[in-house]
Amino acid sequence: MTMARKALMISPELCIGCRGCQTACKEWNRLSVIKTRNTGTYENPPDLTPNLYNRIRFVEMPSETNLVRWLFVSQRCMHCDDAGCMKICPAPGALFKTKEGAVSFNKDKCIGCKLCVVGCPFNIPRYDDKDKVSKCHLCSDRIAEGLMPACAKTCPTGAIRYGDRDSLIDGAKKIGYEKVYGEKDLGGLGAIYVFKDAPKIYGIDEHPAIPETVVFWHKVLKPLAYLSLGGAVAVSLLHYVAFGPKKDEGGEEK
Amino acid sequence: MTEMVRKTNAFEIINHWVLAISFFILAISGYGFLFQLEEMNSIFGSFNQMRVIHNWVGVVFAASLFLTLFSYIVEALSVSADDIGWIIRGGGYFSKKAKVPPQGKLNTGQKLYYLVALLTGIAIAAFGFVIWLMPGVKKWILISHLVHNISFDLMVIAIPLHIYLATLANPGTFRIMVYGTVPLEWARKRHEKWLREMGKI
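Since the structure is predicted, the reported quantities are computational estimates derived from the model, not experimental observations. (Residues numbered from 1 in each chain as written. Chains lettered and ligands numbered in written order. Predicted model: local features only at pLDDT ≥ 70, side-chain atom pairs only at ≥ 80, totals over all residues.)

The next thing to look at is the overall build of chain B. When its secondary structure is counted, chain B shows eight helices and two strands. Along chain B, helices (α) and strands (β) appear in the sequence β-α-α-α-α-α-α-β-α-α when read from the amino end. Considered along the principal axes of its C-alpha atoms, chain B spans approximately 60 × 35 × 30 Å. Counting every position in chain B, which comprises 201 residues, the buried fraction comes to 29%. (Helix = DSSP H or I, 4+ residues; strand = E, 2+ residues; numbered from the N terminus. Buried ≥ 20, exposed ≤ 12 C-beta atoms within 10 Å, placed from the backbone.)

So this is what it looks like as structure tokens:
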């Protein structure tokens, strides 16, 4: 029996910006705290780091009814089915899929080339001080044991929920969300979102895609690497059979 | 004793093999990266080690390629009507009787091969260094990754053909990169203009 694909359902409307998920993630993954500067926003830290797999992005929007409209959204690895990072990675086992569909990593196998950084449509992978890849792995160690990822476990409002991907999508549609962000993109994301506004407002790419050059490389240049070599050898052999080596005793020369 | 003429000097022979061996190491590890071939662990120890080797052998390859300029570039860029004739007759490779116009020290095919090897070599090395030295810089890495791989695909066409033409297809050629000398008679049939320039015939 194959296991149904798991996912995180993120509902920014339910998020209260408590950042419990950031803390729980750090605790479970034993990620140390880094010093940041107050730049006049509650958003903290300002970006993902090798020690921060998941963070709440704070978005301030003009509002007609309130002083400001404040939006919170979890930014993390999306666990793409068709993952650009895995596609471009040259080191076997450095990035891998778990049976739940999480894109996990093994630092021992990572060679520190940072190609995954440019292959990712969401700008997620970070590198630690030993030049090894670092990112959300959907708590692959927890979910393998049937537990929830730390962020979902700790979220007090249900803004981050974990479960079977299909039933999460069905559930969202049943309560009136027409579109689930990430349902189909990149083969289907493992972190799916329901937005009441355009994803763009939340700082999330509406049409995420693996860079075209990486797709071209994967679909054309990679197979060509074998075909070219094989073709050149085959042409050589065929020529040898058809025409043979050049002989000196042609005799036509004067 | 057959009279011999020297076609390559010791420097050229050694540099040729430095270039060839570095190419093979780079190509094998390159295929390893391209297709995540776990088998490479048994050759290179680990992918981490393979990366270090691939990068530094790349430096050797680039240096060796640079040194070939002193040996071949002037000759490779000297073109005459005989080169057109050579191309029209397919270098004499597609008929047992074809006669090609007299050739210089390098024939037209060799000159073209050198230019292809030089240009793809420069591209693969230069953009390889970008991948190595500018990790994570998206704009640069994407273009470099693309060009590095396109040049690789071209090289794995060009180099097997080069090996075939220098061994099976043209008996007597391989020794040029071993001993450096060829029989005068052999050279007269293939590099007549060169021998005339040297006053050997």
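All right, on to the domain arrangement of chain A then. On domain assignment, one finds that chain A holds domain 1 (6–202) and domain 2 (211–245). Averaged C-alpha coordinates put domain 1 of chain A and domain 2 of chain A at centres separated by 41 Å. (Domains from an automatic or database assignment.)

Glancing now at unusual backbone geometry. All names here are of chain A. Along the chain, Asn44 connects to Pro45 via a cis peptide bond; the corresponding omega equals -10 degrees. Checked against the element boundaries, Pro45 lands in the loop between α1 (20–29) and β2 (55–61). Phi is positive for His79, which is not a glycine, with a value near 50 degrees. Note on placement: His79 falls in the loop between β3 (69–75) and α2 (84–88). At Asp131, a residue that is not glycine, the phi angle is positive and equals roughly 60 degrees. Within the secondary structure layout, Asp131 lies in the loop between β6 (126–127) and β7 (133–134). You can call Asp131 partly exposed: it has 14 C-beta atoms within 10 Å.

Moving on: the interface of chain B and chain A. The partner chain A presents 32 residues to the 36 residues of chain B that form the contact. For the side of chain B that touches chain A, the elements supplying multiple residues, two or more each, are α1 (10–34), α3 (47–77), α6 (138–166) and α7 (184–190) of chain B. With 14 residues, the top contributor of residues to the side of chain B that touches chain A is α6 of chain B. The residue makeup of the side of chain B that touches chain A, split by class, is 21 nonpolar, seven polar and eight charged. (Contact = placed C-beta atoms within 7 Å. Nonpolar A, V, L, I, M, F, W, Y, C, P; charged D, E, K, R; others polar.)

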